[in-house]
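Working through the structure, step by step
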Amino acid sequence: MGKQESVVPAGLPILDPVAESPGVLRAMLALLRRDLRLSIRQKQDLLNPLLFFAMVVALFPLGVSPEASFLREAGTGILWVGALLATLLSLDHLFRFDFEDGTLEQMALQPQPLFLLVLAKTLAHWLVTGLPLVLLTPVLGLMLYLDGNSVAVLCLTLLIGTPVLSLIGSVGAALTVGLRAGGVLLSLLIIPLYIPVLIFGTGTVMAAGDGADVSGHLALMAAMLVLALVLAPFAAAAALKISLSAS
Amino acid sequence: MWQFFHKLGSPKWFYGIAGRFMPWLLGIGLLLALSGIVWGLGFAPKDYLQGNSYRIIFIHVPTAFLAQSVYLMMAVAGVVTLVWKMKLADVFVKAVAPVGAALTFLALFTGAVWGQPTWGTWWIWDARLTSMLILLFLYLGVMALGSAIADEKSAARAVAVLVLVGVVNIPIIKYSVNWWNTLHQPATFKLTEKPTMPPEMWVPLLLVVVGLYLWFGWIALYRMQTEVLRRERRSRWVQDLMHPGGRSDVSSGGARADGV
C-alpha cells in the first residue's frame with residue numbers, strides 16, 4: 001500500500017476507501033489548491049502566456065502601422081485576438097502533465113463526479129492564465145491609444161470572456177490530451193468555437209466606443225459564460241474518459 | 001420496428017439492405033436533380049434584377065441546404081454513438097464528414113461565383129458567408145480529429161463529442177455573426193428570402209433540393225458500405241463477398257453467407 005501512495009503526486013486528496021470520502025466541494029477545493037500551487041511553483045509557465053500576449057500585441061504596430069488612428073480602431077480586436085491566442089497556447093498544459101503521470105486516471109476513479117473535478121481544474125487554469133491576461137490588458141490598451149472608457153469595457157468583456165475561452169478550451173484539451181501532436185490539432189478544433197466569444201467581446205467594446213449602452217451586450221456575454229459553465233465540464237469529462245480509455 | 005433497430009447493429013445486414021436502396025436513391029435523385037437543373041438553367045424565367053446570373057441559385061441553395069443538414073445528421077448520429085454505442089452511427093459520421101465538407105465548400109464556391117457579378121466582389125464578410133466558413137472549419141476539425149486518433153472506437157466517440165459541442169455552437173455562431181454584421185453594414189439583399197419568387201423559379205429549385213438529398217442518401221450509404229467492408233474485412237461474410245466461388249482466405253467448413 002505504501003508503494004501505491006508514493007505514486008500519487010503531492011496534494012491530491014488520497015482517499016482511504018474505508019473512511020468516508022470527502023464532500024464534493026472539499027475535493028474541488030483541494031484540487032484547485034493543488035493546481036494553483038503547482039502553477040505558482042513553476043513561475044516561467046505562469047509567465048509565458050503573458051509574454052506571448054504582449055509580444056503578439058506588439059507585432060501589430062510594428063507590422064501594420066504605428067499610427068494612433070489605426071491602433072485606436074483596431075486595438076480592441078488586437079487585444080482580444082491576442083488574449084484568445086495566449087489562452088489557446090496555454091490549454092495544451094491543462095491536462096497533459098496529469099495525463100502523463102497518471103494523476104488524471106486517479107481523478108477519474110474518485111467517487112466525486114469527474115466533471116466537477118474538471119471544473120475545478122479549469123477554474124485553476126483561468127486563475128493563472130485568463131485573469132493575469134485581463135490584468136495586463138489596461139497597460140497594453142493604453143499603448144494602443146485606447147481611451148479610458150474603452151479600456152474599462154474591454155477589461156470587463158475579457159473578464160467575462162476569458163473564462164468562456166478556458167471552459168470551451170477544456171473540451172478541446174480533453175479530446176487531444178492523449179495525442180502526440182495534440183497542440184496544433186487543439187487549435188484547429190477550438191478556434192471555430194471561439195469565434196462567437198470574439199465577436200461578442202469586440203462588438204461590446206465597439207458599441208461602447210460609439211457611446212451605446214452595453215449592458216445588453218454584457219448580459220449576452222454573461223449568458224454565454226453560464227452556458228459554457230453548465231455544458232463544457234460535462235463534455236470535457238466525457239472527452240477525458242475517452243482519452244483515458246484510448247491510452 | 002424494434003427488430004429493424006436491432007438489425008441495424010449487424011454490419012452484414014446493413015450491407016445488404018443498403019445495396020437494395022442505393023440504386024433507387026441514385027436513380028431518382030439524379031433524375032430529380034438533373035431535371036431541376038435543366039429546367040432552372042434553361043427554361044426558368046430571367047430575374048428582372050440579376051438577369052441570368054441568378055441561375056447559379058439552382059446549385060448554390062441546394063448545396064448550402066444540404067451542407068447544414070448533414071452537420072445536424074452527424075450530430076444525431078453522434079448522440080446515438082455516445083448513448084447506444086451503435087457502430088453504424090459512427091460509421092455514418094466518418095463516412096459523411098468529407099461529403100459535408102465538400103458540400104460546404106461547393107456552397108461557398110458557388111456563392112463566390114455568384115457574388116462576383118452581383119455584389120462586385122468574390123467575398124464579403126457577410127453573416128451567412130462567415131457562418132458557412134466556420135461550418136467548413138468545423139467539418140475539417142472533425143475530420144482532423146478522427147484521423148488523429150489511432151484507436152477506432154475512441155476516435156468515433158471523441159468525434160461524437162466534438163460534433164455535439166459544435167452543434168451547440170452553431171446557433172450561437174449564427175446569431176453572433178448576424179449581430180456582428182448588422183452592427184457594421186446594412187443588410188445585403190437575399191434572393192432566397194424574397195417570398196415573391198414565382199413558381200417557375202422555386203419548383204425547379206425544390207426539385208434540385210430533393211434530388212440532392214436523395215443523392216446524399218446514396219453517397220452516404222455507398223461510403224458507409226465501403227467503411228463497413230473495411231472494418232469487417234476479417235469476417236467471413238466479407239471474405240466470401242470478396243472472393244466469390246469459395247476461394248476464401250479463411251479456411252471455413254461452415255455454410256456460406258447467403259443473399260448478399
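Residues numbered from 1 in each chain as written. Chains lettered and ligands numbered in written order. Predicted model: local features only at pLDDT ≥ 70, side-chain atom pairs only at ≥ 80, totals over all residues.

- As recorded in an unreviewed UniProt entry, chain B goes by Heme exporter protein C and comes from Marinobacter daqiaonensis.
- For chain B, the Function (unreviewed entry) comment in UniProt is given as "Required for the export of heme to the periplasm for the biogenesis of c-type cytochromes."
- The UniProt entry for chain B carries this comment under Sequence similarities (unreviewed entry): "Belongs to the CcmC/CycZ/HelC family." (UniProt positions renumbered as here; feature names shortened; annotations may be inferred.)

- Labelled according to an unreviewed UniProt entry, chain A appears under the name Heme exporter protein B, originating from Marinobacter daqiaonensis.
- Under the Sequence similarities (unreviewed entry) heading, UniProt states for chain A: "Belongs to the CcmB/CycW/HelB family."

**Concerning the overall build of chain B**
- Scanning chain B from terminus to terminus reveals 8 helices and 0 strands.
- Scanning chain B from its N terminus toward the C terminus, one meets helices and strands in the order α-α-α-α-α-α-α-α.
- In chain B, which comprises 260 residues, the proportion classed as buried is 36%.
- Put simply, of all contacts in chain B between residues at least 6 apart along the chain, 76% involve residues at least 24 apart. (Helix = DSSP H or I, 4+ residues; strand = E, 2+ residues; numbered from the N terminus. Buried ≥ 20, exposed ≤ 12 C-beta atoms within 10 Å, placed from the backbone. Contact = placed C-beta atoms within 7 Å.)

**A few points about the overall build of chain A**
- Across its full length, chain A carries 10 helices and 0 strands.
- Starting at the N terminus and ending at the C terminus, chain A contains elements arranged as α-α-α-α-α-α-α-α-α-α.
- For chain A, whose C-alpha radius of gyration is 19 Å, the value lies close to the compact-globule estimate of 18 Å for 247 residues.
- Along the three orthogonal principal directions, the C-alpha set of chain A runs to about 65 × 35 × 30 Å.
- By the burial criterion, 45% of the 247 residues in chain A qualify as buried. (Rg over C-alpha atoms; globule rule 2.2 N^0.38 Å.)

**Remarks on the UniProt feature "transmembrane region" (unreviewed entry) in chain A**
Residue and element names in this part refer to chain A.
- Within this structure's numbering, the places UniProt gives as "transmembrane region" (unreviewed entry) are residues 46-65, 77-95, 115-145, 151-177, 184-206 and 218-240.
- Taken as a whole, residues 77-95 contains 95% helix and 0% strand, while its terminal C-alpha atoms sit 29 Å from one another.
- Secondary structure across residues 184-206 divides into 100% helix and 0% strand, with the first and last C-alpha atoms of the span separated by 31 Å.

**Brief notes about the environment of D210 of chain A**
- Secondary-structure assignment places D210 of chain A in the loop between α9 (182-209) and α10 (215-246).
- Remark: the alpha-carbon pair of D210 of chain A and S150 of chain A, spanning 60 residues in sequence, is separated by 9.9 Å.

**As for the interface of chain A and chain B**
- Every contact between the two is made by 20 residues of chain A and, on the other side, 24 residues of chain B.
- Mapped onto the side of chain A that touches chain B, the elements with two or more residues apiece are α8 (148-176), α9 and α10 of chain A.
- Residue contributions to the side of chain A that touches chain B peak at 10 residues, all from α9 of chain A.
- Split into classes, the residues belonging to the side of chain A that touches chain B amount to 18 nonpolar, 2 polar and no charged. (Nonpolar A, V, L, I, M, F, W, Y, C, P; charged D, E, K, R; others polar.)

**A word on the confidence of the model for chain B**
Residue and element names in this part refer to chain B.
- Taken as a whole, chain B shows an average pLDDT of 81; of its residues, 84% reach a score of 70 or greater.
- Of all secondary-structure elements in chain B, the lowest mean pLDDT belongs to helix α1 (residues 2-7), at 67, while helix α3 (residues 57-84) reaches the highest, 90.
- Counted against residues more than four places away or in other chains, residues 183-191, with its pLDDT under 50, gives 5 contacts.
- pLDDT under 50 marks residues 248-260. Its contacts with residues more than four places away, or in other chains, come to 18 contacts.
- For this predicted complex, the interface confidence reaches an ipTM of 0.81, while the overall pTM sits at 0.83. (pLDDT = per-residue confidence, 0-100.)

**Comments concerning the UniProt feature "transmembrane region" (unreviewed entry) in chain B**
- As annotated by UniProt and renumbered to match this structure, "transmembrane region" (unreviewed entry) occupies residues 21-44, 56-84, 91-115, 127-146, 158-181 and 201-224 of chain B.
- Its end C-alpha atoms 32 Å apart, residues 21-44 of chain B is made of 96% helix and 0% strand.

**With respect to α9 of chain A**
All names here are of chain A.
- With 28 residues, α9 ought to run about 40 Å at 1.5 Å a step, and its terminal C-alpha atoms sit 39 Å apart, in line with that.
- Of all the bends found along α9, the most pronounced is centred on I191 and spans about 40 degrees, while P192, a proline, follows it within four residues.
- When you tally the buried positions in α9, you get 20 out of 28 residues, the bulk of the element.
- After α9 finishes, the residue G211 shows a positive phi value of roughly 85 degrees. (Expected span 1.5 Å × (residues − 1). Bend = angle between axes of the 7 residues up to and from the residue.)

**Quick notes on the confidence of the model for chain A**
- This prediction gives chain A a mean pLDDT of 88; 91% of its residues lie at or above 70.
- The model gives residues 1-6 of chain A a pLDDT under 50, and that stretch makes 1 contact with residues more than four places away or in other chains.

**Topic: unusual backbone geometry**
- Here the phi dihedral of Y145 of chain A falls at roughly 65 degrees; this positive angle occurs in a residue that is not glycine.
- We classify Y145 of chain A as partly exposed; it has 17 C-beta atoms within 10 Å.
- A positive phi angle is found at K85 of chain B, which is not glycine, with a value near 55 degrees.
- Overall, K85 of chain B belongs to the partly exposed group, with 14 C-beta atoms counted inside 10 Å.

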